[in-house]
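Next come the chains, spelled out residue by residue.
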Amino acid sequence: MPMAMAITLLFAILLAGAVNSAESSYIEYNTTQRIVPGKINVHLVPHSHDDVGWLKTVDQYYFGGNNSIRGACVQNVLDSVISALLDDKNRKFIYVEMAFFQRWWRQQSNAKKIKVKELVNSGQLEFINGGMCMHDEATPHYIDLIDQTTLGHKYIKDEFGQIPRVGWQIDPFGHSAVQAYLLGAELGFDSLFFARIDYQDRAKRLKEKTLEVVWQGSKSLGSSSQIFTGIFPRHYDPPDGFTFEINDVSPPIQDDVFLFDYNVQERVNDFVAAALAQANVTRTNHIMWTMGTDFRYQYANSWFRQMDKFIHYVNQDGRVNALYSTPSIYTDAKYAANEQWPLKTDDFFPYADKPNAYWTGYFTSRPAFKGYVRVLSAYYLAARQLEFFKGRSTSGPNTDALADALAIAQHHDAVSGTERQHVAADYALRLSIGYMEAEKLVASSLAFLAESRSSTGQGNSVTSFQQCPLLNISFCPPSEAALSDRKSLVVVIYNSLGWKREETIRIPVSTARVIVKDSEGREIESQILPLSNSTSRIRSHYVKAYLGKTPRETVKYWVAFSVSVPPLGFSTYIVGTAKETEGPSSTISTVHTYEGSKNNSIEVGQGSLKLLYSADEGKLTRYVNSRNLVTAFAEQSYGYYSGNDGTDKDPQASGAYVFRPNGTFSIKSESQTQLTVVRGPLLDEVHQQLNSWISQVTRVYKGKEHAEVEFNIGPIPVNDGIGKEIITQIVTTMKTNRTFYTDSNGRDFIKRIRDYRKDWDLQVNQPVAGNYYPINLGIYLQDNSTELSVLVDRSVGGSSLADGQIELMLHRRLIHDDVRGVGEVLNETVCVPEGCEGLTIQGKFYLRIDHIGEGARWRRTVGQEIYSPLLLAFSEQDGNDWMSSHVPTFSGIDPSYSLPDNIAIITLQELENEKVLLRLAHLYETGEDKDYSVMASVELKKLFPNKKINKVTEMSLSANQERGEMEKRRLAWKVEGSVEEETKVARGKPLDPAKLVVELAPMEIRTFLIDVDYLQMFGG
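Residues numbered from 1 in each chain as written. Predicted model: local features only at pLDDT ≥ 70, side-chain atom pairs only at ≥ 80, totals over all residues. Heavy atoms only, no water.

**Remarks on the sheet that holds strand 26 (residues 630-633)**
- With respect to topology, four strands assemble into an open sheet ordered 23-24-25-26, the strand pairing being antiparallel. Both edges of this open sheet fall to strand 23 (601-604) and strand 26, since each of them pairs with a single strand only. The mean angle between the axes of side-by-side strands here comes to 20°, regardless of whether they run parallel or antiparallel.
- Note that strand 23 and strand 24 (residues 609-614) share four bridges and pair antiparallel. By the bridge assignment, Ser601 is partnered in strand 24 with Ser614. (Pairing = 2+ DSSP bridges. Helix = DSSP H or I, 4+ residues; strand = E, 2+ residues; numbered from the N terminus. Axes fitted to C-alpha atoms, helices over the stretch in contact; angles between N-to-C directions.)

**With respect to the side chain of Ser526**
- As for its placement among the helices and strands, Ser526 is situated in strand 18 (residues 526-530).
- Setting aside chain neighbours within four positions, we find Ser526 in contact with Val514, Val516, Val559, Ala560, Phe561, Ser586, Thr587 and Leu682. (Contact = heavy atoms within 4.5 Å.)

**Considerations on the state of the cysteines**
- Following the criterion strictly, the structure yields two disulfides and no others.
- For Cys831, the disulfide goes to Cys836, at an S-S distance of 2.0 Å. The S-S bond linking Cys831 to Cys836 shows a torsion near 105°; that makes this disulfide right-handed.
- Classification of Cys831 as partly exposed rests on a relative accessible area of 40%.
- This cysteine, Cys73, is not joined by any disulfide, and Cys133 carries the nearest cysteine sulfur, 20 Å off.
- Relative accessible area serves as the criterion here: at 6%, Cys73 is assigned to the buried category.
- Under the relative-accessibility criterion, Cys133 is labelled buried at 1%. (Disulfide = S-S within 2.5 Å. Buried < 20%, exposed > 50% of the residue type's maximum accessible area, 1.4 Å probe, protein only.)

**Here's the deal with the packing of aromatic side chains**
- By the definition in use, this model includes 56 aromatic pairs.
- Pairing Phe244 with Trp303 gives two aromatic rings, centres 6.1 Å apart and planes at 85°, and the pair type is edge-to-face. Of the two residues, Phe244 sits in the loop between strand 7 (226-231) and helix 9 (264-279) while Trp303 sits in helix 10 (residues 301-317), which places them 59 residues apart along the sequence.
- Considering the side-chain rings of Phe388 and Phe944, the 5.9 Å spacing of their centres and the 85° angle between planes classify their relative orientation as edge-to-face. Of the two residues, Phe388 sits in helix 12 (residues 367-390) while Phe944 sits in the loop between helix 20 (940-943) and strand 49 (947-955), which places them 556 residues apart along the sequence. Here Phe388 matches Phe944 in class, with each residue buried.
- Taken together, the aromatic side chains of Phe93, Phe242, Phe244, Phe271, Trp289, Tyr297, Trp303, Phe304, Phe310 and Tyr324 make up a single cluster linked through ring pairs.
- The residue whose ring lies beneath Arg267 is Phe242, and the NZ or CZ to ring-centre distance is 4.8 Å.
- The ring of Tyr780 carries Arg859 above its face, with NZ or CZ at 3.5 Å from the centroid. (Phe/Tyr/Trp six-rings, centres within 6.5 Å; stacked < 30°, edge-to-face > 60°. Lys NZ or Arg CZ within 6 Å of the ring centre and 35° of its normal.)

**A closer look at the environment of Asn398**
- Here Asn398 lies in the loop between helix 12 and helix 13 (400-409).
- With near-sequence residues (within four places) excluded, Asn398 lies in contact with Glu387, Glu437, Ala438 and Leu441.
- Polar contacts involving the side chain of Asn398 include one to the main-chain amide nitrogen of Asp400, which spans 2.9 Å. (Polar contact = N/O pair within 3.5 Å; in protein donor to acceptor, adjacent residues only side chain to side chain.)

The values reported here are purely geometric and, on their own, carry no functional implication.
Now the structure itself:
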């Protein structure tokens, strides 16, 4: 004991001496940025991951509202970071989400803006990724990804003159091939970084030092569109012991000798140990520490003070080198190392973070919201075209609010369905406000284009058009009212695709005596169909829920008629009531009900395609196409997975993110009536009511060779205490060898093999959830003679869990949280004053069977038509003078021209500077179709008749830099075992300014800014 006391006393004397001789004073930390060859360089990247809505709405997160849910205020983050950066020119910070930055920037003084611009120009503050949000990668459509990124990049270019260089998708739950090549390389990004990959994949990559790769996302574009990709060793937060928000528990450096707990050497040792551990799993002598996580830097000094000290003392220590950095600086250092990198192809789906936790439920979560986003995406595309044809005006309605709402809806906790209910409602409200503004623009543009000059003089529209956003639930006041007043209904139908379309449309009417005339005044064939019972129920309940009032009319019928609409143009049809004396009106469909009769089979279909049903069970049995002689056994059924409640050994439940089934149950029909068949000259329908909460209508159109299945699912019953995930299955006898194909964000198709991963030996823990993939366009199967394709109308999850079978998850309602942070169960309800009930989903999928190699043409063409449905606008005429006083048909392009069948216009938009933004997309992959997977060309002069094209500049995908400049700056990464004989990747040639013909190679998207003079406006 005396010995110990003596040592303590000696230590106290020494300490007192040290204190007296040292001056405790201001320490100037040396934070000069330098890279030291031959040492491990630790790149400290300060960042805050700011969700554009999740537990709170985007605005609540911005201004710090609703803090009882979470103390997060992005306004504080930006205020605090800017002041910390101004304190020391060596400090750096990256910012990602432009939706937040825009809100903050609007509120700053001019003096502050000047200082911030200096920080941006000096590289202290760098914009990374640069979209309005950090978008999800499983559930958005590629056109939405392009649009939201373009909006953010345009903002950065206009305000700061900057071009983001790096992709930063740190939080999305799995990563798509389209992200790598399209939203990466084609934007001119030099690199892409993220955190979340499958736990089995990460373990192998850590062992083999393959967390950093060169990723080729597109088979068609190959090495011309590859990107350096870095996966973080753990997550997007710093190593343990290095988080410094105000209340964090990591020990700060205490370097004041007058104070107790002096710990400089100890903390330097911790830093060096963590750096060496990461260097052991990383190639080259450069490692990145992501210094931040969700909504951090609300008091930025608490972070920067510690990083200043670490850089100062670690560099004095000299074992490793620490520096303030950004992903761009890190990328340049990796490139300078001249290393060869492993090659990655395909994508990073599905994602699991634990053996029973596959994040594949969110592929379907909130299906109504997913459907709403998809519908408005196509509407936004059409509205911008119409605005261009009319001529953009500085006053009056525009598409800006819809653009903003759609952009933040692509966030990885928005369209993904993983947000809280009040946040989902906020996103939907923003979309609805944006739609109402765009709806006015569409109506005024159509009126302008439809009015011939004689009727209005100076183009002040007198025509008024209404639209019916609730047409899918058969609610359309103009079509119901016009006919009841003995007036005629005028239907103007706009086609936003670049080719002519022949389709059958349906509108609700209140009488069965209807006559339809085309734009020449000729009477055309039409067919009256009954409304199904479930449609009537949904109509009355949901109109009341959405609009707060019960619909006045009880509509009993649809009228269907065939329309022909020119490319980027419209046609007009007149629907009137037939007087008793006038002779024939619409054909009234025949209706047959089958109640388990013993007839052998029931045949449905007026054209080449026939579907055969068994009369006794009321089930689909055969698919027969008399034109191409495809005949196949095919069955379709419904079932559900019971959601795991998380009460077994592994407490993982099924929830908004995670799909963890606890059992599979088939749903048998409970009704006496097995099926009702409605037949007529244009289409046949098969109505099936399985039980009180599932019904469907299958349609076979005379002129089409696919079946359209419209399903109504809900309210899903959960009063038995079991959450349910509803699926439909299509079963054939095809021998598909565990293989199926799903699309990447509606673009390239990727080969999937059941229970298999190309990058590692998969240990199968979840044979259902682990084989689910995101589907935005469709899924298909092939054997050696046929292929079965299913297309969808919104993002869903799906798979092929047995050979010859396709499964789609259409709806989910769960009663447990999956413990991934949202802290709320996925239990969507819809309320009217009388009470709330579970959400009902109405949606469609489309089915076709082809000879092998012939399905791509249908998938690509009809896929475009599903994404861009015909847009209907309604007016009325009293008397018979519409056609004489209006332009009955219109096309915005040269009337003799239509786009090649393998090309789509995905953007046609007039910008504020009067330039026109045009994007053209090749719809096919290399080798996908024998006729269409070829170079195609588009004549710009034919796309812009009546206009003088002064100049055309090819741009990067987000239109923030010239393509030529972008290609010059592109980094050429070396790939391990690089195969010299990669077949030369085809790309369209540079545009000849005289000929103005754009070439597009398979899967290529080309973006142009066009300077045009209007020689003559439309509408005259």
